[in-house]
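Take a look at the letters that make up each chain.
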Amino acid sequence: MKTIILIGGAGYLGLHLTDYLLKNTDYSIIIISRNQSKRLLVRDQRVTFLNCITDVKVKGTVINLAFENSANYTSLRNSNSNLFNRIKSYNEAVGIQYFIQLSTVALSEINIKYGKQSNVNPYLYCKSWQEKLSFKLIKNSKICIVRAGNILGNDSPWIAKIG
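A. Structural context of the sheet that holds strand E4 (residues 60–64). The strand order across the open sheet formed by six strands is E3-E2-E1-E4-E5-E6, and the pairing between neighbours is parallel. Strands with a single pairing partner mark the edges of an open sheet, and in this sheet they are strand E3 (47–50) and strand E6 (142–146). Sheet twist, expressed as the mean angle between neighbouring strand axes with direction ignored, is 20°. Relative to strand E2 (residues 28–32), strand E1 (residues 3–7) runs parallel, the two being bridged by five bridges. Residue pairing for E2: Thr3 is matched across the bridge by Ser28.

B. A look at the nonpolar core. In terms of nonpolar packing, the biggest core is built from 18 residues, with Ile5, Ile7, Ile53, Val62, Phe84 and Ile87 touching the most fellow members. Looking at this core, the elements that each hand over two or more residues are E1, E2, helix H2 (73–93), strand E5 (96–102) and helix H4 (122–137). Considering every element that reaches this core, the biggest residue donor is H2, with four residues. Beyond its immediate sequence surroundings of up to four residues, Ile53 is in contact with Ile5, Ile7, Ile32, Val62, Arg86, Ile87 and Tyr90.

C. Layout of helix H1 (residues 12–24). Compared with an ideal rise of 1.5 Å per residue, which puts 13 residues at 18 Å, H1 spans 19 Å between its outermost C-alpha atoms and is within 8% of the ideal. Of all the residues in H1, the buried ones are Gly14, Leu15, Thr18, Leu21 and Leu22. Angularly, the buried residues of H1 cover 125° about the axis, an arc narrow enough to put them on a single face. Pointing more than 90 degrees away from the buried face of H1 are the exposed residues Tyr12 and Lys23. Elements that come into contact with the buried residues of H1 comprise E1, E2 and E3.

D. Local environment of the environment of Asn72. Along the polypeptide, Asn72 turns up in the loop between E4 and H2. The spatial distance from the C-alpha of Asn72 to the C-alpha of Pro122 is 7.5 Å, given a sequence separation of 50 residues. There is a polar contact of 2.9 Å between the side chain of Asn72 and the backbone nitrogen of Thr74.

Scoring rules and cut-offs
- Residues numbered from 1 in each chain as written.
- Predicted model: local features only at pLDDT ≥ 70, side-chain atom pairs only at ≥ 80, totals over all residues.
- Heavy atoms only, no water.
- Pairing = 2+ DSSP bridges.
- Helix = DSSP H or I, 4+ residues; strand = E, 2+ residues; numbered from the N terminus.
- Axes fitted to C-alpha atoms, helices over the stretch in contact; angles between N-to-C directions.
- Core = buried A, V, L, I, M, F, W, Y, C linked by side-chain atoms within 4.5 Å.
- Buried < 20%, exposed > 50% of the residue type's maximum accessible area, 1.4 Å probe, protein only.
- Contact = heavy atoms within 4.5 Å.
- Expected span 1.5 Å × (residues − 1).
- Arc of directions from axis to C-beta.
- Polar contact = N/O pair within 3.5 Å; in protein donor to acceptor, adjacent residues only side chain to side chain.

What follows is the structure, given as structure tokens:
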């Protein structure tokens, strides 16, 4: 059975992705989350909640959905560096089959190249830093950076671009 490891999997997108995977695959899902109370929302024997990726002992596909909401750039840099060092440790100990970093299309919109840093706002800083760390720290694994769109309600400027 394939294993999917969702970092930040207890958030809005992660719970919807978990629901989709449970309905459409036979995969085992490991949700890495700081919010363990969310385990009450997913009641399926194929789902395991853990606090840290280094607690995972099986090889799997890792999808990083995590984002820390902070205006403090030093805090963002440190927390993301710590997260990616734990991902690196997991990769070295167990191995990552495939790594998917969910980023944001807004980086493309402002012409930020992969592996470069954006200081436009904390969100873009965090996502561009995660992309940079993906290439720097994850070795011997296939890496996919997904710069998905941001749709934030009916007044979002993204609605006009895709609708």
